[in-house]
Amino acid sequence: MDDTAHHPATFSRRTLLGGAAALGSAAVLGGLPVPGSATALGGVAAPGPAAAAPGGFPDYRYLKLAFDKATLTYPPARREVIFPCVRGTAGRIATPLGRFYLYYAPHDAPGGICLSYADSLEGPFREYGGNPLVRREWPPHYDFVTHVSSPHVLWNSQAREMWLYFHGENTTTRLARSADGITFRYDKIVLSTDMLPAGTRETSYARVFEHSIPARGANYVMVFMINTTANRRSIGWGWSADGRNWSFDQQPLIRPEEVGRTNLSGPHVLFRNDSAYVVYHTDQGGMRITEVGKDFSRRKQLGAFHTPLSTAPDNGRSAAPSFGSDGGREYMFYEAGDRLGGNIAIARAV
C-alpha cells in the first residue's frame, strides 16, 4: 500500500508502525507467545523451557517461513507481504486445493488479495496460480482505489461461505463472499471513517469473528485499527447480528496511552477461559494482549506477550497474528520483519 500518498505527515505509517526494526534498532483458533521466549539458532528458535503466556495461552516458537517470497509470481516486486489469515477447508469447501488456505497481500500499491495453500500448517505452502483473487478495480462496485490489502477471511457458519473483509482505501473496509474461497462476489462496504467520530482518517486492518453478545443482539464482533488527525492509532471494535450491517463503539476499545505506546495496530480476537482477549502489535515492534471479557466491557491490560526475534526473520518486528490448529498442535502465523521488507512466518506452540 502506498500509505505516504494518503498521509503526507513527517512520519508515515510505515515508520510509526514499523517497530524497532524500522526505527533502526536491533477451524482455527490458537494461542499466544510469551515475551522473549525465542532466540534464533540456525533460523529456528533456540530450545528453552516452555512457559505460560498471559491469559494462559501457550508459548510459541518460530518454526519457518510460510514460503520464500522471492519465488512468488505475485506480487511482482515481492518486497513485502502482510496480514496473514489462515483458514481450514475441511467440511467447508467441496474440492479444496489443500487442507489450509493462507490469505495475504502485498503492502505497496496496487496491493491485491492473494492465496497460498497447503495440506499442513507447517507447509509447504504453494502459491495459487490465479493471484490476485481481488484487485484494486472491481467494476461496477469500485472503479479504482490505490490498493486493496489486509485480507481477513471468516468461515461464516450460518451462510456456509468464506467471507472476505479487506480494505481499500485505508478509509474503507469491504466485504466479499465465496463458496470456494477463491472466486469472490462483492457484497458491500461494512466500515468507513464516516461511521466513526469526526477526525477519524483511517479504519483498516479489520478482523471479524463469530461471537455472541446477547445484550447487543450480536453474533459477530469486529476489531480494527483507528487513526485520527492527531496521527495516533488505537484499536476500535464493532458488533453485528449478520456480519454485514454493523454498529461501532464511538470510543476506542484500546488506546495506546493505556499500554504505554504511541500506536497500536493489527488486532486479533482470541477466546479462552470463558473470556475474550485482543492481541495487537505496537510501534515498538512486539505484541501485547488485553482481556476484554465476553461482552467486551473489560479492560485488563495483561502486558507484553511476545518479543520478536532480534535476528531474521523478525529483525525486531512481529505483527498481525493469525492462529490455527492441526493435529492437536497450535500455530501462529504472523508478519515477520521490518515494514516493506516483511514476510510471513510460522510459529508453533511448545
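Here the structure is a predicted model, which means the values were calculated and not measured.

Caption draft 1: Structural view of the packing of aromatic side chains. The final tally for this structure, using the stated rule, is 13 aromatic pairs. Between W138 and Y186 the ring centres are 5.4 Å apart and the planes differ by 75°, which places this aromatic pair in the edge-to-face class. With a gap of 48 residues between them, W138 in the loop between β7 (126-127) and β8 (149-156) and Y186 in strand β11 (residues 185-192) connect regions that are remote in the sequence. The two residues W138 and Y186 agree in class, both being buried. Relative to W239, the ring of W237 has its centre 4.9 Å away and its plane inclined at 45°; by these criteria the two rings are tilted. Cluster of aromatic residues (ring-pair linked, three or more members): W138, Y142 and Y186. Residue placement shows R216 over the ring face of W239; its charged tip is 4.0 Å from the ring centre.

Caption draft 2: A look at the nonpolar core. Residues Y103, V134, W138, Y142, L164 and F166 are the most contacted members of the largest nonpolar core, which totals 23 residues. Mapped by element, the contributors of at least two residues to this core are β5 (100-106), β6 (114-118), β8 and β9 (161-167). If we skip the residues at most four places from it in the chain, Y142 touches V134, R135, R136, E137, V148, F166, R174 and Y186.

Caption draft 3: Layout of the pattern of salt bridges. What the rule picks out here adds up to 16 salt bridges. The partner of R185 in a salt bridge is E161, with the nearest N and O atoms 2.6 Å apart. In this pair, R185 is assigned in strand β11 and E161 in strand β9, connecting sequence segments 24 residues apart. A salt bridge links D187 to R244, with the nearest nitrogen and oxygen atoms 2.8 Å apart. With D187 in strand β11 and R244 in the loop between β14 (233-240) and β15 (246-248), the pair connects residues that are 57 residues apart, well separated along the chain. Residue D187 is classed as buried on the basis of its relative accessible area, which comes to 18%. R244 sits in the partly exposed class, given a relative accessible area of 26%. Here the residues in one salt-bridge network are E161, R177, R185, D187 and R244, joined through shared partners.

Caption draft 4: Inspection of the environment of L264 at higher detail. Structurally, L264 is set in strand β16 (residues 264-272). Separated by 29 residues in sequence, L264 and I235 have C-alpha atoms that sit 6.6 Å apart. With residues near it in sequence (within four places) discarded, L264 still touches M225, R233, S234, I235, I254, R255, P256, V259, Y280, H281 and T282.

Caption draft 5: Spatial organisation of unusual backbone geometry. Residue P124 follows G123 across a cis peptide bond; omega there is 5°. With respect to the element layout, P124 can be found in the loop between β6 and β7. For the peptide bond that leads from G168 to E169, omega is -10°, which places it in the cis range. Looking at the secondary structure, you find E169 in the loop between β9 and β10 (172-178). Despite not being glycine, N231 has its phi angle at roughly 60°, a positive value. Here N231 is to be found in the loop between β13 (218-228) and β14. The exposure class assigned to N231 is buried, which follows from its relative accessible area of 17%. Although it is not a glycine, N273 adopts a positive phi angle of roughly 55°. Turning to its location among the elements, N273 is positioned in the loop between β16 and β17 (275-282).

Cut-offs applied
Residues numbered from 1 in each chain as written. Predicted model: local features only at pLDDT ≥ 70, side-chain atom pairs only at ≥ 80, totals over all residues. Heavy atoms only, no water. Phe/Tyr/Trp six-rings, centres within 6.5 Å; stacked < 30°, edge-to-face > 60°. Helix = DSSP H or I, 4+ residues; strand = E, 2+ residues; numbered from the N terminus. Buried < 20%, exposed > 50% of the residue type's maximum accessible area, 1.4 Å probe, protein only. Lys NZ or Arg CZ within 6 Å of the ring centre and 35° of its normal. Core = buried A, V, L, I, M, F, W, Y, C linked by side-chain atoms within 4.5 Å. Contact = heavy atoms within 4.5 Å. Salt bridge = Lys/Arg side-chain N within 4 Å of Asp/Glu carboxyl O.

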